[in-house]
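Below are the chains, spelled out letter by letter.
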Amino acid sequence: MPGVYFFYDRSGQLIYIGKSINIQKRVQQHFSGKDRKSQKLQFFTKRICYEGMGSELISLLYESHLIKEYHPIYNRSQRRKINQYGLFLHERSGYKALMIDKIKPETNAITVFSSLTEAKNTLFRITGKHKLCQKINGLYKTKNYCFQYQIKECYGACISVEPVNSYNSRVEDFLKNANLEKLTKLVELQGRNDNETGLVYIENGAYKGFGFCPKGTPIDARLSYIKAYDDNRDIQRILQNYLQRLPL
């Protein structure tokens, strides 16, 4: 089951918080790892607990909240994580291009990332989902057509075959989903058991929290099950990445 797990030392101090869609498998990986962090966790951990969350999204949101609240010593890199890269809108020969660049104070990113790898993986996923062009989006360097055009997953913006308006309309579809500014949505997810539903609530672009309600709860009563949690840039990034994965 997806959820969040906790490592404690011999004095009962919480030293690490993690999340996984398979908690047992992930914990076993910690205790079989040979890297420095894994070896420290193996030496200092004396007790392990976990909480099932039912879904990856709620696990991510809860983990982010808990790390900021408890500051476990071996989550130090996550506490200090800075969003260094962003996704920005540019124009190339009339086509709207989604480009990765370093975040600058004077620019507003569509969404932000903690690493270049995360940024590229996300942009590849967005480009494929919306049938955009890897060349236009800076993911495939070529003077001719991109590889996706050869396998008919790009409609030819890379060689100016596809009409600009047609291509840009799909970029706009992505931007509507990526922009949380005016979005109000109650996301329904798998619960912690077969008798409940997981809920995440966004109101006017702001994250309000998550909760669990019994299956069959009337729609107008579900908000009463939402527990309030703080909104921040990390949470916004998690929600944006989730919404980008939803079917068109």
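Look a little higher up for the structure.
So, here's what we can say about the structure. Just so we're clear, the structure is a prediction, and the values are computed from it rather than from any experiment.

Quick look at the environment of glutamate 63
By secondary structure assignment, the location of glutamate 63 is in helix H3 (residues 56–70). Put simply, glutamate 63 and valine 4 are 59 residues apart on the chain and 6.4 Å apart in space, counted from C-alpha to C-alpha.

Things to note about the packing of aromatic side chains
If you walk through the whole model with that rule in mind, you get 12 aromatic pairs. Ring geometry for phenylalanine 7 and tyrosine 16: centres 5.8 Å apart, planes at 45°, overall tilted. Here phenylalanine 7 falls in the buried class, since its relative accessible area comes to 0%. What makes tyrosine 16 buried here is its relative accessible area of 6%. Where phenylalanine 43 meets phenylalanine 44, the ring centres are 4.9 Å apart and the plane angle is 90°; that geometry is what we call edge-to-face. A network of ring pairs unites the aromatic residues Tyr5, Phe7, Tyr16 and Phe31 as a single cluster. The cationic tip of arginine 47 hangs over the ring face of tyrosine 8; the distance from NZ or CZ to the ring centre is 4.1 Å. Taking NZ or CZ as reference, arginine 192 lies 3.9 Å from the ring centre of phenylalanine 212, over its face.

Some details on the pairing of strand E2 (residues 14–20)
Counting buried positions over the seven residues of E2 gives six, a clear majority of the element. Where strand E1 (residues 3–8) meets E2, six bridges bridge the pair, whose relative direction is antiparallel. In the strand pairing of E2, tyrosine 5 is matched with glycine 18. Adjacent in sequence and paired antiparallel, E1 and E2 are bridged by five residues, among which glycine 12 carries a positive phi angle near 90°.

So, the sheet that holds strand E5 (residues 95–102)
Overall, antiparallel pairing links the three strands, which are arranged E5-E4-E6 in an open sheet. Edge positions in the sheet fall to E5 and strand E6 (111–113), since each has one partner strand and no second. Going from strand to strand, the sheet's axes swing by 40° on average, the running direction of each strand aside. Of the strand pairs in this sheet, strand E4 (residues 85–92) and E6 are connected by three bridges, and their pairing is antiparallel.

Concerning the sheet that holds strand E7 (residues 185–190)
Taken together, four strands build an open sheet; the order of strands is E7-E8-E9-E10 and the sheet is antiparallel. At either margin of the open sheet sits one strand with a lone partner, and together these are E7 and strand E10 (226–228). Mean inter-strand twist for the sheet, computed between neighbouring axes without regard to direction, equals 25°. Relative to E10, strand E9 (residues 206–214) runs antiparallel, the two sharing three bridges.

Rules behind the numbers
- Residues numbered from 1 in each chain as written.
- Predicted model: local features only at pLDDT ≥ 70, side-chain atom pairs only at ≥ 80, totals over all residues.
- Heavy atoms only, no water.
- Helix = DSSP H or I, 4+ residues; strand = E, 2+ residues; numbered from the N terminus.
- Phe/Tyr/Trp six-rings, centres within 6.5 Å; stacked < 30°, edge-to-face > 60°.
- Buried < 20%, exposed > 50% of the residue type's maximum accessible area, 1.4 Å probe, protein only.
- Lys NZ or Arg CZ within 6 Å of the ring centre and 35° of its normal.
- Pairing = 2+ DSSP bridges.
- Axes fitted to C-alpha atoms, helices over the stretch in contact; angles between N-to-C directions.

Note that all results are geometric; they support no functional claim without further evidence.
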